[in-house]
Amino acid sequence: MQIIRIAADTQLAYDVPITIYGARLVHTEATTCNIYDEADSSKTAAKKRIALAVMANQLTDEPNIPAEGIKFSEGCYVDWTAGEVFLIVD
């Protein structure tokens, strides 16, 4: 497993499986980040697997991810608005 820092829209995997075991969005202002099970930047609503959001009075957001992680079979596209996203992937 490895920790990846993301600070831009990013494609983590292209048509290959990837598993995310943890995610955290950090920022000092309101922002969002969505992670899709897609091999491109289509951002299909039905393929959104993780949604993160912070507000000015809440500086971090972490989803409750099961111990076995969330599997992305088609790839992993991260749609980032601002802040930093940290992912634990394998």
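Residues numbered from 1 in each chain as written. Predicted model: local features only at pLDDT ≥ 70, side-chain atom pairs only at ≥ 80, totals over all residues. Heavy atoms only, no water.

Asks: I would appreciate a short explanation of the packing of aromatic side chains in the present structure.
Replies: Tallied over the full model, the rule gives zero aromatic pairs. Lying over the aromatic face of F72, R49 brings its terminal NZ or CZ to 5.4 Å of the ring centre. (Phe/Tyr/Trp six-rings, centres within 6.5 Å; stacked < 30°, edge-to-face > 60°. Lys NZ or Arg CZ within 6 Å of the ring centre and 35° of its normal.)

Asks: Whenever I open this one, the nonpolar core confuses me. Can you help?
Replies: It is characteristic of soluble globular proteins that their nonpolar side chains tend to be buried jointly. Residues I20, I35, I50, F72 and L87 are the most contacted members of the largest nonpolar core, which totals 19 residues. Residue assignment for this core shows that the elements contributing at least two residues are β3 (18–26), β4 (31–36), β5 (48–54), β7 (70–72), β8 (75–80) and β9 (84–89). Take this core: its biggest share by element is four residues, from β3. (Core = buried A, V, L, I, M, F, W, Y, C linked by side-chain atoms within 4.5 Å. Buried < 20%, exposed > 50% of the residue type's maximum accessible area, 1.4 Å probe, protein only. Helix = DSSP H or I, 4+ residues; strand = E, 2+ residues; numbered from the N terminus.)

Asks: Just checking my understanding: could you explain the pairing of β3 for this structure?
Replies: Side-chain direction in a regular strand flips from residue to residue, so the side chains alternate between the two faces of the sheet. In the sheet, β3 pairs with β7 via three bridges, with the strands oriented antiparallel. By the bridge assignment for β7, I20 is matched with I70. Where β3 meets β9, six bridges bridge the pair, whose relative direction is antiparallel. Across the sheet, residue A23 finds its bridge partner in β9, namely L87. (Pairing = 2+ DSSP bridges.)

Asks: Hey, could you run me through the sheet that holds β8 in this one?
Replies: The pairing of strands in a sheet happens through backbone hydrogen bonds and is either parallel or antiparallel. Taken together, four strands build an open sheet; the order of strands is β2-β8-β4-β5 and the sheet is antiparallel. Because the sheet does not close on itself, it has two edges, and the strands there are β2 (10–14) and β5. When strand polarity is set aside, the average angle formed by the axes of neighbouring strands in this sheet is 10 degrees. Two elements, β4 and β8, share four bridges in a ladder whose sense is antiparallel. Bridging across to β8, N34 finds its partner in D79. (Axes fitted to C-alpha atoms, helices over the stretch in contact; angles between N-to-C directions.)

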